[in-house]
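Residue-level listing of the chains:
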Amino acid sequence: MARYVAARFAWLIAVLLAVSAVTFALGSLAPGDPAVIVFERTRPGESPTPEALAELRKDMGLDRTVPVQYLHWFGNAVQGDLGVSWSTGERVATSVRERLPRTAMLAASALVLSIVISIPAGVLAAYRRNSAVDHICRVGALLGASLPGFLVAYVLILYLAVRVELFPVFGFGSLANLALPALTLALGSAGTLTRFTRAAVLDVLAAPYVQAGKAKGVPTARLLFDHALRNAALPVVTVIGLSLAGLLGGAFVVEWIFSWPGLGTLAVNAINTKDYPVIQGFVLVTAAAYVVVNFATDLVYAALDPRIRLAGGHDR
Amino acid sequence: MRARRLLLVATLVLATAGCTDGDDNGAPAPQTTETKALDDAQKAHLDRFGGYADERELVAAGLLPQESAVYEVSVSLDRKSYKIGPEPRPADQQTLTVGFQADPWTAAAGKRTFARFPLDAGVNETLTRLGEDYSVQPGLATRWEVIAAGTNPDYPGRPTWRFFLRPGVKFHSGGDFTAADVKWSLDRARAQNLDTSLTMSSSGPSSVVVVDPLTVDITPRILTGSPPSTNLRLPESFVHQFYGIYRDGTRPELYGTDPAGTVDGTGPFRFDTYTANDSITVTRNDAYWGPRARLGRINFKLVSDDTTRRLALDTGSIDVVFDVGRQQVAALRASSDVQVVTAPPTYTFVMYINVNGQPPYDKLKSENVRRALALSINRDEFLRGNWDAGMATVVNHVGPPSALGSSYSTVSSYTFNLNEARNLLDDEGWTCGNGAARARTACRGGEIRQKAGQPLQLYMLANRATDDVPLLEDLQRRALEAGIGITIGDDGANRFTPRKDSGAWDLDTAQPNQNDANPAFLLMRQWWSNATQNFVACWAVDTTDGQADGQPCPYPDSNLQSPNLPFRAGPWQAAGPTFDGHVKQALEANTLERAREASAAAMDYLIDRATVIPLAGVSRVYGLRKHVAGFEPVNPALSFVRWTNVYLSK
């Protein structure tokens, strides 16, 4: 098990390094002169002279080569310093620290909702294969996975906030405010999760030990949730992990529509203002969340399936 | 059994989905108002207060019966009548929630105008105010005049504007408003490069001198005209909230980050709280020098998405929404609890033309080709096809028509004439088919005219993330009727400005906004030759000897030279010396009327030469819950909303 964990951790570090390098490289290739952007922020309306820009570039470290800039930036990043926003002048780490918990709350709520919806639906659809319930679940899953988030958001607002006024239209600060954005995100990931759950459970239901359990008279609920689901859990856990990571990084549109002050709105504003330090910080944090969640998923794998632990980290 | 359960659930869902707002939720019925004519005595009394009197002064003077005071809304724009509005709610329920766009004050540049612009929260005031008819009214200054020589030692003997300040005005913190506060605020506007008045720049001595606690001299660094007059458009510029006045020593842009970041003004509302990306709240200033507001509190909610704002209006969690998009007006009008209010034509949807382009962007150097393009667009049909009734109108100005006053009637108009457009193109050698026969007929469907093997294909700059692309596609179709092809570009935020600056375009569209009383404001910025170099041009006077010699200013002025400035003209639109002459006359005019005449002449010249095509005067649209009374967008400028008259009715 220790070897398994160590191997996975090593991959985590390697992926983070690669992501940070690619993000930094892309930022350095982006059009526009960072010195001009910062000059306009600090001295708006003035025309930057070549001398002023040269001095600013030196202050910003832009006179060094890109690899040296990267090393300097990375060295700061591992100490928690992601630089300064070009448009607001605030520390990127401060903005991220302020907003990450809000996005995390939204993503976690969406994930819980998604699991609550999709696991029972997927198990039921598999158990009642080709029945009306199965068809409804599959159509629902397809719609959830296919419909764009903004459309789902507006429909939920229209019916649950405007027509029946169950929830507020926008805002932050209460559970009521959390409901609609979480539900919007949940419906999207629930579609995929339902389909995976159904497929995985179907696979297991055909196994001889399940048939044997049926023949021995094991109650249906116990058969499904204690035996079948547990053995079908591995691919489902994978998708849950991917969903969470995706929710953390992909809530842009939902946060914008619901005015949820999370990382998504920060990223949208940064993109609109070409604020590359913030964009880089956002990408790095999202990538870190992704690999950490996947690392956690791998650990859950090992917990669920002893064969993985005993094999020392090799996949089945 | 299961089927019955499913049917019941489906029925419940459909029944819920079928619920609508309206009478079911106890929303108030639409309010009616009674209009009454003002008599001569009432009109005369209102005139004494300039643009800021309302019926409460009339009641205080005994010219209106007391019992109608509670219900009245503001007097009409033409000062001929007043309305008796609906009964108000109790005072403790007078809290208004306004939905505005995404927080404009998060970026450092935006913070310079915190709580003032683009959202005027009613906290800070200006020396002069914009009247309903784009005239200049007294604000914190009661009057102003040009004096021969001011008191500024750095500009000895120069003509100067002297402003006489309103006595008895207090800041929200309790301190007296004096000339020192004016100097502090205007000098800071200069230091922050907010100055658009042809007056000051970030370098050189200050133009502002305190004469006494209620008198301030402002000596323009930049003069217009020869012999030197003074900057006669300066009082008109001061209506803009860039020149909002705040207490000496405070720096509102530092709010939340520095002890000096105090938001202290003289306005009808006092600053209460601000949460970034969420809201700003103000409360009534009971010690206000002017008409006391009826609302006790205003919450401005900063909501990024305009559809979300509109839906929040439907639920009542927002009472007022600014700038409803054209696609949403119909849905708002269909709601029984919402009223749609429009301002007079606000901003003009304009097609800019590159009249000085280099090949291959030189096709529109020909006046006939430009004229053909203009004549090929049926503006009435264009409006009817893209805006709801009353939302847009045909205009012949690049700014609000009211900015030109009565002179607007002297400006020419384009008249749709497809045949003449085709004839003009034929005359220029742009023909259909293989060019051998000049048939003077329409090209076959979709065919683009050619000349010497080159198609008449124009490139239109477009940022598809922000531009209203369906409007551009409509224009594209109309131009094709005359055989003119338009390629709509896909120039994102990074490419748009560099491409525009380089001249690699034929057409561009925009919707410029004017929050300034200077009638030549937009004309100067887009077509004036001097705007190609510096917006504030030092072309008129050599400050050493007072003679016009075209030498550079001693203080190089680079104001508003930022490449990201959306309105920077560049040389591609410059309209030439005749136009420049009209603008010069407008800037030098001694009266607003004369300035308007000259500006109208400049606009007429642009249309006569087809240098620009004004397509639609679009009204600013507001969505209001039916219980919001007294809201009158009497001036089309964004930042001029009279919150003092607004209240919530029963």
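Residues numbered from 1 in each chain as written. Chains lettered and ligands numbered in written order. Predicted model: local features only at pLDDT ≥ 70, side-chain atom pairs only at ≥ 80, totals over all residues.

**Details of the sheet that holds strand E7 (residues 141-147) of chain B**
Residues and elements named next belong to chain B. The sheet built from 4 strands is open, its strands ordered E7-E8-E10-E9 with antiparallel pairing. Either end of the sheet is taken by a strand with one partner, and the two such strands are E7 and strand E9 (208-212). Taking the axes of each pair of neighbouring strands and ignoring which way they run, one obtains an average angle of 25 degrees across the sheet. Running over the sheet, helix H5 (residues 179-191) touches strand E8 (160-165), E9 and strand E10 (215-218) and is turned about 180 degrees from E9. (Pairing = 2+ DSSP bridges. Helix = DSSP H or I, 4+ residues; strand = E, 2+ residues; numbered from the N terminus. Axes fitted to C-alpha atoms, helices over the stretch in contact; angles between N-to-C directions. Contact = placed C-beta atoms within 7 Å.)

**Thoughts on the pairing of strand E20 (residues 485-488) of chain B**
Residues and elements named next belong to chain B. Summarising the sheet, strand E19 (residues 457-460) and E20 pair through 4 bridges and their orientation is parallel. For Leu458, the partnering residue across the bridge sits in E20 and is Ile486. Handedness of the β-α-β unit built from E19, helix H12 (residues 469-481) and E20 comes out right-handed. (Right-handed = clockwise from strand over helix to strand, strands pointing away.)

**Considerations on helix H9 (residues 367-375) of chain B**
All names here are of chain B. Most of H9 sits inside the fold, with 7 of its 9 residues counted as buried. Taken as a whole, H9 has its buried residues at Val369, Arg370, Arg371, Ala372, Leu373, Ala374 and Leu375. Looking at the packing, one finds that the buried side of H9 touches strand E15 (338-353), helix H11 (418-427), H12 and strand E22 (612-625). (Buried ≥ 20, exposed ≤ 12 C-beta atoms within 10 Å, placed from the backbone.)

**A few points about the packing of helix H5 (residues 92-127) of chain A against helix H6 (residues 132-146) of chain A**
All names here are of chain A. The geometry of H5 relative to H6 is characterised by a closest axis approach of 8 Å and an angle of 140 degrees between their N-to-C directions. Relative to H6, H5 is oriented oblique. As for the relative orientation of H5 and H6, their crossing is left-handed in sense. Across the interface between the two elements, Ala121, Leu124 and Ala125 of H5 pack against Val133, Asp134, Cys137 and Arg138 of H6. For the contact of H5 with H6, the residue count by class is 5 nonpolar, no polar and 2 charged. (Parallel < 35°, antiparallel > 145°, perpendicular 65-115°, else oblique. Left-handed = near helix turned anticlockwise from the far one by under 90°. Nonpolar A, V, L, I, M, F, W, Y, C, P; charged D, E, K, R; others polar.)

**Some words on the confidence of the model for chain A**
The predicted model of chain A has a mean per-residue pLDDT of 84, with 93% of residues at 70 or higher. Considering each helix and strand of chain A separately, the mean pLDDT is smallest for helix H14 (residues 306-310) of chain A, with a value of 64, and largest for helix H7 (residues 149-163) of chain A, with 92. (pLDDT = per-residue confidence, 0-100.)

**Some points on the packing of helix H10 (residues 220-249) of chain A against helix H13 (residues 276-304) of chain A**
Residues and elements named next belong to chain A. Remark: H10 packs on H13, axes separated minimally by 9 Å, with the N-to-C direction vectors making an angle of 165 degrees. With respect to H13, the axis of H10 lies roughly antiparallel. The hand of the H10/H13 crossing is right-handed. Mapping the contact onto sequence places Ala233, Leu234, Val237, Thr238, Gly241, Leu244, Ala245, Leu248 and Gly249 in H10 and Thr286, Ala289, Tyr290, Val293, Asn294, Ala296, Thr297, Val300, Tyr301 and Leu304 in H13. The residue makeup of the contact of H10 with H13, split by class, is 13 nonpolar, 6 polar and no charged.

**Focus on the nonpolar core**
One finds Val320, Ala520, Leu523, Val583, Ala602 and Leu606 of chain B to be the most contacted residues of the largest nonpolar core, which totals 225 residues. The contact partners of Val320 of chain B, leaving out residues within four places of it in the chain, are Leu96, Val98, Gly99, Tyr622, Leu624, Val628 and Phe631 of chain B. (Core = buried A, V, L, I, M, F, W, Y, C linked by C-beta atoms within 7 Å.)

**Quick notes on the environment of Asp81 of chain A**
Residues and elements named next belong to chain A. Examined against the element boundaries, Asp81 turns out to sit in the loop between helix H4 (66-78) and H5. Measuring from C-alpha to C-alpha, the distance between Asp81 and Ala93 comes to 6.1 Å, with 12 residues separating the pair along the chain. Those residues in contact with Asp81, other than ones at most four positions away along the chain, are Asn76 and Ala93.

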